[in-house]
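In case you want the letters, here they are:
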Amino acid sequence: MAGQGHFDAIIVGAGPAGLALATMLRPELRVLVLERRAQPAKAPPIGESLPGATAVLLQRLQLWERFQQAGHRERGGAVAVWDQESPVWQDAIRDPAGPGWHLDRGRFEAMLRQRALEAGADLLEGCAPSDIRHHQGLWQLATPQGRFQAPVLVDATGRSGSLGRQLGLKRQSGDPLLCLYSFLEQGSQRQDSTLRLQADAQGWWYTVPLPQGQRVLAYHLDGDDPQGRQLRRPEAFLAKARQHPLLAEVLADLPPAQLRCRAAGTSLLPVEELPKAGPGFLAIGDALLAFDPIASQGIFHSLASAASATKAIKAGLDHPDLGLGAYQQEMQAVTQRYLWHLKASYQGPRRFSQEPFWQRRQ
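Residues numbered from 1 in each chain as written. Predicted model: local features only at pLDDT ≥ 70, side-chain atom pairs only at ≥ 80, totals over all residues. Heavy atoms only, no water.

Check the secondary structure of the chain and you find 12 helices and 21 strands. For a compact globule of 362 residues, the expected C-alpha radius of gyration is about 21 Å, and the chain comes in at 21 Å, within 12% of that figure. Taking the principal axes of the C-alpha coordinates as reference, the chain spans close to 60 × 45 × 40 Å. Here the analysis covers contacts within the chain between residues at least 6 apart in sequence; of these, 71% occur between residues at least 24 apart. Total accessible area on the chain stands at roughly 16600 Å², and carbon and sulfur atoms take up 49% of it. Placing the 39 positive and 35 negative side-chain charges of the chain at their respective mean positions leaves the two points 3 Å apart. (Helix = DSSP H or I, 4+ residues; strand = E, 2+ residues; numbered from the N terminus. Rg over C-alpha atoms; globule rule 2.2 N^0.38 Å. Contact = heavy atoms within 4.5 Å. Areas by Shrake-Rupley, 256 points an atom, 1.4 Å probe, with all protein chains shown as cover. Lys, Arg positive; Asp, Glu negative; His and termini not counted. Charge placed at Lys NZ, Arg CZ, Asp CG, Glu CD.)

Attention now moves to the pairing of strand β2 (residues 9-12). Every second residue of β2 is oriented toward a common face, with A9 and I11 on one face and I10 and V12 on the other, all of them buried. As a crossover connection, the stretch from β2 through helix α1 (residues 16-25) into strand β3 (residues 31-35) is right-handed. (Buried < 20%, exposed > 50% of the residue type's maximum accessible area, 1.4 Å probe, protein only. Right-handed = clockwise from strand over helix to strand, strands pointing away.)

Scanning all chains against the criterion turns up 17 aromatic pairs. Plain terms: the ring middles of F67 and W101 are 5.0 Å apart, the flat faces sit at 85° to each other, and that makes the pair edge-to-face. Of this pair, F67 sits in helix α3 (residues 64-68) while W101 sits in strand β8 (residues 101-102), placing them 34 residues apart in sequence. Each member of the pair, F67 together with W101, is buried. Joined through ring pairs, the aromatic side chains of W82, W204, Y206, Y346, F352, F357 and W358 make up one cluster. Geometry around F357 places R361 over its ring, the cationic atom sitting 4.2 Å from the centre. (Phe/Tyr/Trp six-rings, centres within 6.5 Å; stacked < 30°, edge-to-face > 60°. Lys NZ or Arg CZ within 6 Å of the ring centre and 35° of its normal.)

Take L21: it is sitting in helix α1. With 51 residues separating them in the primary sequence, L21 and H72 have C-alpha atoms 22 Å apart.

When the pLDDT values of the chain are averaged, the result is 91; 95% of them are 70 or greater. Across the chain, element-level confidence peaks in α1 with a mean pLDDT of 98 and bottoms out in strand β1 (residues 3-6) with 80. (pLDDT = per-residue confidence, 0-100.)

Pairing is mixed across the open sheet formed by 7 strands, whose spatial order is β7-β6-β15-β16-β17-β14-β18. The sheet is open, and its two borders are formed by β7 (88-90) and β18 (260-263), each paired with just one other strand. Taking each pair of neighbouring strands and ignoring which way they run, the sheet shows an average axis angle of 20°. As judged from the 3 bridges shared by strand β6 (residues 78-81) and β7, these two strands associate in the antiparallel manner. Bridge pairing in β7 places V79 opposite W89. Helix α7 (residues 234-241) rests against β14 (177-185), β15 (195-200), β16 (203-209) and β17 (214-222) of the sheet, and its axis sits at about 85° to β17. (Pairing = 2+ DSSP bridges. Axes fitted to C-alpha atoms, helices over the stretch in contact; angles between N-to-C directions.)

Looking now at α1. Within α1, 10 of the 10 residues are buried, which leaves it mostly tucked inside the rest of the structure. By the burial criterion, the buried members of α1 are P16, A17, G18, L19, A20, L21, A22, T23, M24 and L25.

Counted under the stated rule, the structure contains 15 salt bridges. For E35, the salt bridge goes to R37, with nearest N and O atoms at 3.4 Å. We classify R37 as partly exposed; its relative accessible area is 31%. Where D222 meets R361, a salt bridge forms, and the shortest distance between an N and an O atom there is 2.6 Å. Taken as a pair, D222 in strand β17 and R361 in the segment after α12 (356-359) lie far apart in primary sequence, 139 residues in all. No difference in accessibility class separates D222 from R361, as the two residues are buried. Salt bridges sharing partners connect three or more residues here, namely D175, D222, D224, R360 and R361. (Salt bridge = Lys/Arg side-chain N within 4 Å of Asp/Glu carboxyl O.)

Attention shifts here to the pairing of strand β13 (residues 152-155). Side chains of β13 alternate between two faces, with V152 and V154 and L153 and D155 buried alike. Of the pairings in the sheet, the one linking β2 to β13 comprises 4 bridges and is parallel in character. What sits directly across from V12, in β13, is D155. Inspection of the sheet shows β13 paired to strand β20 (residues 281-283) by 3 bridges, in the parallel sense.

Relative to the elements of secondary structure, L251 occurs in helix α8 (residues 245-251). Owing to a relative accessible area of 0%, L251 belongs among the buried residues under this scheme. Put simply, L251 and L184 are 67 residues apart on the chain and 8.9 Å apart in space, counted from C-alpha to C-alpha. Setting aside chain neighbours within four positions, we find L251 in contact with L184, T207, R215, L217, L238, A241 and R242.

Written out as structure tokens, the structure reads:
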């Protein structure tokens with residue numbers, strides 16, 4: 001689709017948030033999605049949990065039946081050594097919306113991409129905007145594959161928030177939380193489906209089996225913690241995890257695997273910054289609010305914020321300020337609730353309250 005084109009909305013970023021928004025805006029609106037990557041990322045993304053409440057959003061995307069048949073694993077119970085030193089169990093059925101799922105993340109994102117294309121969204125991959133201007137009520141984007149314009153421009157570029165940054169918006173991302181993680185091969189015969197959460201003096205762990213016969217093991221620590229360098233050796237990483245009996249029970253005979261890392265601290269674009277970019281600009285998903293993994297809400301937020309943005313964009317066709325204003329108020333409330341719960345979570349392990357990692361987040 002090289003050349004020029006006029007759309008009702010241009011979405012930059014083809015992750016879960018951008019693809020969900022594109023699907024929900026169709027068929028009423030003409031939608032273009034721009035994705036800088038030409039191919040899916042080689043490294044499997046971490047972030048594999050969905051709460052039961054996501055079923056409503058998947059139904060709205062007309063993906064519920066397809067999702068149920070895709071082999072995602074229903075979440076089991078959870079056990080945590082967090083507020084106290086002895087394990088505390090939580091049954092999955094306590095959530096009235098259902099237990100939720102552990103995802104095959106690659107398959108999940110492929111499903112969203114296929115659905116957006118089926119809905120009629122235009123998707124250009126390997127295509128990042130090089131020049132962005134707002135002129136006479138339209139966002140005008142120059143890209144390697146042509147020039148495009150629309151009255152609505154959406155940042156769905158993920159945690160980097162690169163589109164907002166390109167437009168001069170300032171993010172808040174002062175938490176140096178780093179996530180070290182690996183996907184351990186454990187075969188499909190293992191019966192334990194429990195999510196295990198373990199706090200220690202320098203950070204916190206979690207591990208859970210995934211649908212494709214792997215187990216993810218992740219450790220969250222400060223990016224400036226000297227032990228982070230030592231733990232980048234797979235053997236050292238696994239050995240440290242095994243020091244905790246709760247984790248050793250399920251890691252005892254698993255071989256080490258390639259270690260990966262990523263930034264994991266809260267990163268947000270203050271809602272009041274959105275109007276500074278220009279009329280008709282929104283940010284969704286991680287581009288607006290990237291959750292700390294302790295919240296287990298990242299993918300759900302991506303889909304939920306896409307649903308809220310859909311409502312705002314459609315309402316804004318007749319009353320631009322009214323529609324986007326309601327979206328800003330809703331996202332402000334989401335941010336405040338999240339930050340309150342986040343602080344409460346990190347205040348839980350009081351036995352570590354004097355440790356720098358925990359003091360930073362209380």
